[in-house]
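# Structural features, examined
Okay, here's what each chain looks like letter by letter:
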Amino acid sequence: MAEEKVIQLDHLSVGYGGKVIVDNIQADFLKGKMICILGSNGAGKTTMLKTISRIIPKVSGEVRLNGRELERVRSADLAREMAVVLTQKIDIGNLTGREVAAMGRYPHTGFFCKLSDRDLEVVDRCMELCSAAYLKDMYFYEMSDGEKQKVMLVRGLAQDADILMLDEPTNHLDIKHKLDVLHILRRLCVREGKTIICTLHEPDLAVKCCDWLVLVKDDRVLVSGATEQVLESGALEELYGFSARQFNPDLGLVQYLSVPDKDVYIVGSDASTPKLLRNLNKFYLGFGMGVLHDNDVVYPIARAMNAPVEAVPAYTPVTEAAAERAYRTARDYRYIVISDCPVCSLNERNRALAQRLEAEGKPVLRLAGETMAEELEALCREKMECGQ
Amino acid sequence: MKEQNTLRHKGVRATVVLLVLAALLAVSAVLAIGIGSVFISPSRVLEVLFQPTDLTNTDSIIVHNMRLCRVVASLFGGAALALAGLLLQILFNNPIADPYVLGISSGARLFVGLAVLGGVTFGLSSDNSWFMFAGGFVGSMVMMAVILAFAQKIKSVTSLLIVGMMLSYLCSAAVGIMTSLSDNDAVADFTRWGMGSFSLMTWDNVKVLAVVCGVFFVLSFLLSKSLNLYLLGEAYAKTMGVNARLLRFLIILFSGVLTAVVTAFAGPVAFVGMSVPHISRLLLKSEDSRVLIPACLLLGAVFGVVCDLLARTVAAPGELAVGNITSCVGVPLVLFLLLRKNKSGRY
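Below is a short write-up of the structure. (Residues numbered from 1 in each chain as written. Chains lettered and ligands numbered in written order. Predicted model: local features only at pLDDT ≥ 70, side-chain atom pairs only at ≥ 80, totals over all residues. Heavy atoms only, no water.)

A few words now on the side chain of Arg312 of chain B. All names here are of chain B. Summarising the element assignment, Arg312 is placed in helix α13 (residues 289-313). For Arg312, a relative accessible area of 14% translates into the label buried. In this structure the side chain of Arg312 is engaged in a polar contact, spanning 3.0 Å, whose partner is the backbone oxygen of Ile35. What Arg312 contacts, discounting residues up to four positions off in sequence, is Ala32, Ile35, Gly36, Arg67, Arg70, Val71, Gly318 and Glu319. (Helix = DSSP H or I, 4+ residues; strand = E, 2+ residues; numbered from the N terminus. Buried < 20%, exposed > 50% of the residue type's maximum accessible area, 1.4 Å probe, protein only. Polar contact = N/O pair within 3.5 Å; in protein donor to acceptor, adjacent residues only side chain to side chain. Contact = heavy atoms within 4.5 Å.)

Bringing the packing of aromatic side chains into the picture now. Scanning the entire structure with this criterion turns up six aromatic pairs over all chains. On the basis of an interplanar angle of 20° and a centroid distance of 6.0 Å, the ring pair of Tyr139 of chain A and Tyr141 of chain A is categorised as stacked. Both rings, one in Phe133 of chain B and one in Phe137 of chain B, keep their centres 6.3 Å apart while their planes meet at 45°; by these two values the pair is tilted. Of the two residues, Phe133 of chain B and Phe137 of chain B both sit in helix α5 (residues 129-153), four residues apart, roughly one turn of that helix. Residue classification places Phe137 of chain B among the partly exposed positions, given a relative accessible area of 24%. (Phe/Tyr/Trp six-rings, centres within 6.5 Å; stacked < 30°, edge-to-face > 60°.)

Residues and elements named next belong to chain A. Here we have four strands laid out as an open sheet, ordered β2-β1-β4-β5, and antiparallel in their pairing. On the outer flanks of this sheet lie β2 (19-30) and β5 (68-69), each paired with one strand and no other. As paired elements, strand β4 (residues 60-65) and β5 share two bridges and run antiparallel to each other. Paired with Arg64 across the two strands is Glu69, which belongs to β5. (Pairing = 2+ DSSP bridges.)

Position of Glu287 of chain B relative to the elements: it lies in the loop between α12 (272-284) and α13. Taking C-alpha positions, Glu287 of chain B is 9.8 Å from Pro277 of chain B, a pair spaced ten residues apart along the chain. The residues contacting Glu287 of chain B, other than those within four sequence positions of it, are Gly93, Asn94 and Leu95 of chain A together with Asn228, Leu231, Arg281 and Leu292 of chain B.

Residue and element names in this part refer to chain B. Direction vectors running N to C along helix α2 (residues 42-49) and helix α3 (residues 58-92) enclose 85°, while the axes themselves pass 9 Å from each other. Regarding the angle of α2 to α3, the classification is roughly perpendicular. Residues Arg44, Val48 and Leu49 of α2 lie in contact with α3, whose contacting residues are Asp59, Ser60, Val63, His64 and Leu68. Among the residues making up the contact of α2 with α3, the classes are represented as four nonpolar, two polar and two charged. (Axes fitted to C-alpha atoms, helices over the stretch in contact; angles between N-to-C directions. Parallel < 35°, antiparallel > 145°, perpendicular 65-115°, else oblique. Nonpolar A, V, L, I, M, F, W, Y, C, P; charged D, E, K, R; others polar.)

Right, let's get into α3 of chain B. Residues and elements named next belong to chain B. Given a rise of 1.5 Å per residue, 35 residues ought to cover 51 Å, and the 49 Å separating the end C-alpha atoms of α3 matches this to within 8%. Along α3, the largest kink reaches about 50° and is centred on Arg67. Where burial is concerned, most of α3 is hidden: 29 out of the 35 residues are buried. A distance of 2.8 Å separates the backbone nitrogen of Asp59 from a side-chain oxygen at the start of α3, and that oxygen is part of Asn57. Looking one or two residues past α3, Asn93 carries a phi angle of roughly 50°, positive in sign. (Expected span 1.5 Å × (residues − 1). Bend = angle between axes of the 7 residues up to and from the residue.)

What follows is about the environment of Val154 of chain A. Residue and element names in this part refer to chain A. Along the polypeptide, Val154 turns up in helix α5 (residues 145-158). Accessibility expressed as a relative area gives 0% for Val154, which makes it buried. Residues Val154 and Cys126, spaced 28 residues apart in sequence, show a C-alpha to C-alpha distance of 5.7 Å. The contact partners of Val154, leaving out residues within four places of it in the chain, are Ala101, Val123, Cys126, Met127, Cys130 and Ala132.

Between two packed helices, what matters for the description is the angle formed by their axes and the separation of those axes. All names here are of chain B. It is the contact of α3 with α13, at a shortest axis distance of 7 Å, that shows an interaxial angle of 135°. In this view, α3 runs oblique relative to α13, as classed from their interaxial angle. Helix-helix and strand crossings are classified by hand; for α3 and α13 the assignment is right-handed. Of α13, the residues touching α3 (which contributes Arg67, Arg70, Val71, Ser74, Leu75, Gly78, Ala79, Ala82, Leu83, Leu86 and Ile90) are Ser289, Leu292, Ile293, Cys296, Leu297, Gly300, Ala301, Gly304, Val305, Asp308 and Arg312. Here the residues of the contact of α3 with α13 are counted per class, giving 13 nonpolar, five polar and four charged. (Left-handed = near helix turned anticlockwise from the far one by under 90°.)

The pairing of strands in a sheet comes from backbone hydrogen bonds and takes either a parallel or an antiparallel form. Residue and element names in this part refer to chain A. An order of β15-β14-β13-β16-β17 is seen for the five strands of this open sheet, with the pairing classed as parallel. Here the strands that pair on one side only, and so sit at the sheet edges, are β15 (309-312) and β17 (364-366). The sheet shows a mean angle of 15° between the axes of neighbouring strands, taken without regard to direction. Bridge count between strand β16 (residues 335-338) and β17: three bridges; the pairing is parallel. Bridge assignment links Ile336 to a residue of β17, and that residue is Val364. Relative to the sheet, helix α13 (residues 348-359) contacts β13 (264-267), β14 (287-293), β16 and β17, its axis offset from that of β13 by approximately 145°.

Next up, the structure:
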């Protein structure tokens, strides 16, 4: 089946009052896909979205909606083909959540916007879908910003258009509701074949939900492509100025970099190691690790934190050479943490490594499931006092 | 279901409010016709009202030739200003907007002044109702254009209201200079008219007022759907099929015409446009233009009739300017709104 292009951007330049913000955009959006425009603050994501939805006029180039020039589409038709949810604050007093949401049905109603039973049914279903049913009878001014945002989303869904454009739909929402909203959008996309175009500030969430990414930086589109391609191209790191390992595309993981100090060396890994790494980061302690297997979940986390990690391929024994390299590195560290993991033929050299370091008189910590140690916190304070 | 009930409940509420307001209007109009230096009982008023003018009957002469004209004028005047206020509030997305505060009434007043005083100088008749209306219309449109030009630069509505006030003072100053320089009988009437008063209304004026109001009331009501969508802001309105530029133009045109037609004959009547829509919202607990417009018209009419009645009875046989009465009612309301703004952070 040939993939249907719902929206085509051809040499499109967008901006305000003739001033170009994003220049020469070349991108096609396919039907039934979830597309995310990513970019730092002020990159022009919203401007792009507003231009594609004809809220503001384009500067030059062309936008095509289902093959037709966007300017030639009648307003009333456009409203039935494309629903838009923006972030701007709305201040209306005496309207309940349900009344605002029901406005989404207006493009489907007659001259005096009389809502039919079916219209009300759609509105109620959308409210349920967004778990916003409790907002039905609440007045708009009584709602929190997040709740208002939710009602506006319901309004957008109730418009029942094939294309849904959302400007930062996760704005004002807590993490649970962020995930919920993206889940709802994803489901609409997969189950009902709707095309979703949104802007997000969370590359990790975008990678998890969206089929297609458009990255905007410095007046231009860096790349527009399928999520996997974009990830492989490394453009995401370029977009946010991440250093190579701060963002892990496979896990969709964003990590703070570890400090480069040689404070703690961790031998092996166990279930609590990811938490330990995070805590070390929080207390500004640098760490190294060895010897890991490269399918260990800790491996990409430690790499994303830019820590030195000694690893061998999965399901192969730790080699003599790897253990020796780990030993040489570990010698320079202040503390040794020995992980609480069962020993087998694949990792028995780790035990030898630990014994060797301990025999040398290095202070050794066995955390046994703990995720932080007093000694390490003391080390942190000591470093702070020394002005490090 | 509960929510179904809420919607129906709002529908019932709207019907009740509209019926009560209509009844109130009828009662206040009949009373206003009856009350004055000569009191005519309501039943007598109704009796005389539906008969042709009988020149042998004093009551009939009083009702038809003196009071009816004025009551009809105040009725349409109040309704028109209330609607103009509502439209401007939707346009500026702010409940404190109204033709008087934004200086549109003052602009209309200045241009009517120019037309009347200037027209007399150039030998034109000041009696021509359409001529006065045209003056007022030009004035209100010029003022609206200036306000909108400022609105492009100033995003804060509060600042915009201050701009309106400043312009209003400027217009008053211009009118003052004009009156000082003019030296004819028109000045006395013009001064009284300048404070806002329905006392100078002639049947000729009332006809123009009624025709223009009737047409624009209906036209405004036909915009209900777009007006409702405009509540969410211009961007959203656009995405839901509203031609925002056209709508904005129509709101400006309609509110300008309504302000102009009242100001041309009754002078600037303050605060009706602000207080009536707000009270209507409180009564209806709704922002839906489909019920808000009729409610504003009815309540505005009641407001106009009652304030005019007060204006001519409180200090009888002397007469107060109706603009002063409406200010006395309107200003406390504005202050209340401003206080509420600070409390809830809205507006």
